Amino acid sequence: MANSPQAKKRARQNERRYEINKARRTRVRTFLRKVEEAIESGDKEAAQTALRAVQPELMRGVSRGIFHKNTVARKMSRLSARVKALG
């Protein structure tokens, strides 16, 4: 356990940031799940709408330091290719 006042403060800050980041990750996963469900159902219109909704959420995750830029780029590329392939 932290002993110095500075280390105690950092531990408090880390706990707070962990909770905030966890909520943001969960929010993004919910948006991703909506896209996946739309793709599974075969509804191209709903999939496109969900994809447009998830893009800013993913980019917000990048800017907040939750996801790596290339990871999000890869996810977006794969999702958009799957939505595009829907008939």
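The following paragraphs examine the structure supplied in this document. (Residues numbered from 1 in each chain as written. Predicted model: local features only at pLDDT ≥ 70, side-chain atom pairs only at ≥ 80, totals over all residues. Heavy atoms only, no water.)

1. Points about the packing of aromatic side chains
Next up, step 1: Applying the stated criterion across every chain yields a total of 0 aromatic pairs.
Next up, step 2: Sitting over the ring of Phe31, Lys34 keeps its end group 5.4 Å from the ring centre. (Phe/Tyr/Trp six-rings, centres within 6.5 Å; stacked < 30°, edge-to-face > 60°. Lys NZ or Arg CZ within 6 Å of the ring centre and 35° of its normal.)

2. Some points on the environment of Arg24
Next up, step 1: Structurally, the position occupied by Arg24 is in helix 1 (residues 5-41).
Next up, step 2: Residue Arg24 is classed as partly exposed on the basis of its relative accessible area, which comes to 27%.
Next up, step 3: The spacing of Arg24 and Ile66 is 42 residues in sequence and 8.0 Å in space, taken between C-alpha atoms.
Next up, step 4: In this structure, Arg24 is in contact with Arg17, Arg64 and Ile66, ignoring residues within four places of it in sequence. (Helix = DSSP H or I, 4+ residues; strand = E, 2+ residues; numbered from the N terminus. Buried < 20%, exposed > 50% of the residue type's maximum accessible area, 1.4 Å probe, protein only. Contact = heavy atoms within 4.5 Å.)

3. Concerning the packing of helix 1 against helix 3 (residues 69-85)
Next up, step 1: In contact at an axis separation of 10 Å, helix 1 and helix 3 are set at 25° when each is read in the N-to-C sense. On the basis of the axis angle, helix 1 is roughly parallel to helix 3. In terms of crossing hand, the pair formed by helix 1 and helix 3 is left-handed. Of the residues in helix 3, those touching helix 1 at Leu32, Val35, Glu36, Ile39 and Glu40 are Leu79, Arg82 and Val83.
Next up, step 2: Among the residues forming the contact of helix 1 with helix 3, the class breakdown is 5 nonpolar, no polar and 3 charged. (Axes fitted to C-alpha atoms, helices over the stretch in contact; angles between N-to-C directions. Parallel < 35°, antiparallel > 145°, perpendicular 65-115°, else oblique. Left-handed = near helix turned anticlockwise from the far one by under 90°. Nonpolar A, V, L, I, M, F, W, Y, C, P; charged D, E, K, R; others polar.)

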